Amino acid sequence: MDKTSVDRIKQQTARLSVISNSILVVMKFVIGFAIGSVSIISEAIHSSMDLIAAVIAFFSVKKSSEPPDAGHAFGHGKFEDISGLIEAILIFIAAVLIIIEAVKKLLGEPTEHFTPDLLILGIAIMGISGLVNWYVSSRLMKVAKQTESIALESDAWHLRTDVYTSLGVMAGLILIKLTGIPLFDPLFALGVAVIIMKAAWDLTTRSFSDLIDHSIPEKDEQRIRQIICEHATDYAGFHDLKTRRSGPEIFIEFHLVMPGGITVIESHDFADHLENDLILEYPRSNVTIHIEPCSEGRCNRCGSFCTFYKKNGAQDKSEN
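These notes cover the structure that comes with them. (Residues numbered from 1 in each chain as written. Predicted model: local features only at pLDDT ≥ 70, side-chain atom pairs only at ≥ 80, totals over all residues. Heavy atoms only, no water.)

**Structural notes on the overall build of the protein**
Working step 1: Summing up its helical and strand segments, the protein has nine helices and four strands in all.
Working step 2: In the protein, the order of α-helices and β-strands from amino to carboxyl end is α-α-α-α-α-α-α-β-β-α-β-β-α.
Working step 3: Residue burial in the protein is summarised as follows: out of 320 residues, 45% are buried.
Working step 4: Considering only contacts in the protein between residues 6 or more positions apart, those separated by 24 or more positions represent 73%.
Working step 5: Carbon and sulfur atoms make up 65% of the accessible area of the protein, which totals about 16300 Å². (Helix = DSSP H or I, 4+ residues; strand = E, 2+ residues; numbered from the N terminus. Buried < 20%, exposed > 50% of the residue type's maximum accessible area, 1.4 Å probe, protein only. Contact = heavy atoms within 4.5 Å. Areas by Shrake-Rupley, 256 points an atom, 1.4 Å probe, with all protein chains shown as cover.)

Listed below in structure tokens is the structure:
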């Protein structure tokens, strides 16, 4: 897909998250107040955090899709990184709130006693919420992987945590109905909180590394070097490869050493060809190539690879 198609599907998926969360929040609040269930109202508050995260994700992917302007010459990709970090913090907060409530219950705070009909209704509500959020989060995660969107991935994990909490509450309600033991609810909640905090930590480290211009994964840098080396017979060497990520955008920079006898136009055309090959592999990449002349073997600036020395060495052997 081209950039326009990618941005469109990202915004459509983020909008779906906003709509589904809005419906679930209203449904949980209405039913929670109608039957007087504090636990369902608490879940509605938790879903409200999901709605806030979904709105943040929607506006971040919309903003990141805008082209570079005078104030943001490198584009708006970091809006997604900021969104991912904010959503990760919200997930941490949700996990802490769950742990606090679970510990209170385990320490003997009075628990609610529902009638069988209310328990069944609560189980049904949590089941519906879990199914809806599982579908939406799976859709978000798929698009996030396809488009390398940290904002959508964060939103997907946010909804996935809501799935876990809904299933945990539902399982606790089922066990309470079967056994009459209310402690199952907080025990399940603590297990869910651990899973949530692990997801939040992973999102935090990834978002933060992009915000501080951390290099892209080593396997991707190796692939970039491989693409450059596929054209080794056309240049003398390259060095100073630098990479970083800004939201879904990748920035690639390196110095390319060209034979001293070719023209500026030939160097420019080759650089364009190499740039197109890199963009073909990484469509959301921005490539900057600095051209340097080769001093016919008298320089020592070629770092990672230099075909001139290899060609020169091979020539010397053939002459001997």
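Back to the text.
**Focus on the packing of aromatic side chains**
Working step 1: Tallied over the entire structure, the rule returns four aromatic pairs.
Working step 2: Taking 5.5 Å as the distance between ring centres and 75 degrees as the angle between the ring planes, the aromatic pair formed by Phe-58 and Phe-59 counts as edge-to-face.
Working step 3: A network of ring pairs unites the aromatic residues Tyr-235, Phe-238, Phe-254 and Phe-270 as a single cluster.
Working step 4: Over the ring of Trp-134 we find Arg-160; its NZ or CZ atom is 4.2 Å from the centre of that ring.
Working step 5: In this structure, Arg-244 packs its charged tip against the face of Phe-251, placed 4.2 Å from the ring centre. (Phe/Tyr/Trp six-rings, centres within 6.5 Å; stacked < 30°, edge-to-face > 60°. Lys NZ or Arg CZ within 6 Å of the ring centre and 35° of its normal.)

**Some words on helix α8 (residues 264-281)**
The α-helix winds at 3.6 residues per turn, so residues separated by three or four positions along the chain end up facing the same way.
Working step 1: The terminal C-alpha atoms of α8, which comprises 18 residues, lie 26 Å apart, in line with the 26 Å expected from a rise of 1.5 Å per residue.
Working step 2: Listed in full, the buried residues belonging to α8 are Ser-267, Phe-270, Ala-271, Leu-274 and Leu-278. Projected onto a plane normal to the axis of α8, the buried residues spread over an arc of 100 degrees and lie on a single side. Away from the buried face of α8 by more than 90 degrees, exposed residues Ile-265, Asn-276 and Leu-280 are located.
Working step 3: Against α7 (218-229), β2 (249-258) and β3 (285-293) lie the buried residues of α8. (Expected span 1.5 Å × (residues − 1). Arc of directions from axis to C-beta.)

**Let's talk about the pairing of β3**
Working step 1: Here nine bridges tie β2 to β3, and the two strands are oriented parallel to one another. Considered in β3, the bridge of Val-257 is made with Glu-292.
Working step 2: Between β2 and its parallel partner β3, the chain crosses via α8, and the hand of that crossover is right-handed. (Pairing = 2+ DSSP bridges. Right-handed = clockwise from strand over helix to strand, strands pointing away.)

**Some words on unusual backbone geometry**
Working step 1: For Asp-240, which is not a glycine, the phi torsion comes out positive at approximately 55 degrees.
Working step 2: Among the residues examined, Asp-240 registers a relative accessible area of 44% and is labelled partly exposed.

**Quick word on the nonpolar core**
Working step 1: Of all hydrophobic cores here, the largest spans 20 residues; its most connected members are Ile-224, Tyr-235, Phe-254 and Leu-256.
Working step 2: When contributions to this core are tallied by element, the ones reaching two or more residues are α7, β1 (237-246), β2, α8 and β3.
Working step 3: Other than its neighbours up to four places away in sequence, Leu-256 contacts Tyr-235, Gly-237, Phe-238, Phe-270, Leu-274, Ile-289, His-290, Ile-291 and Glu-292.
Working step 4: Judged by nonpolar contacts, the second largest core, of 14 residues, contains Ala-54, Phe-58, Leu-140 and Val-143. (Core = buried A, V, L, I, M, F, W, Y, C linked by side-chain atoms within 4.5 Å.)

**As for the pairing of β1**
Working step 1: Taking burial as the measure, the ten residues of β1 include eight buried ones, the bulk of the element.
Working step 2: Relative to β2, β1 runs antiparallel, the two being bridged by eight bridges. Bridge pairing in β2 places Phe-238 opposite Leu-256.

**Structural notes on the side chain of Asn-21**
Working step 1: Here Asn-21 lies in helix α1 (residues 3-35).
Working step 2: With residues up to four places along the chain from it excluded, the contact list for Asn-21 reads Ser-47, Asp-50, Leu-51, Ala-54, Asn-133 and Leu-159.

**Here's the deal with the pattern of salt bridges**
Pairing between side chains becomes possible if they bear opposite charge and their charged atoms approach one another.
Working step 1: Per the stated rule, a full pass over the model turns up four salt bridges.
Working step 2: Glu-218 is the partner of Arg-225 in a salt bridge, and the nearest nitrogen-oxygen pair spans 3.5 Å.
Working step 3: Relative accessible area serves as the criterion here: at 46%, Glu-218 is assigned to the partly exposed category.
Working step 4: The shortest N-O distance in the salt bridge between Arg-223 and Glu-281 comes to 3.2 Å. Here Arg-223 is found in helix α7, whereas its partner Glu-281 is found in helix α8, with 58 residues between them in sequence.
Working step 5: Assessed through its relative accessible area of 23%, Arg-223 is described here as partly exposed.
Working step 6: Given a relative accessible area of 38%, Glu-281 falls into the partly exposed group. (Salt bridge = Lys/Arg side-chain N within 4 Å of Asp/Glu carboxyl O.)

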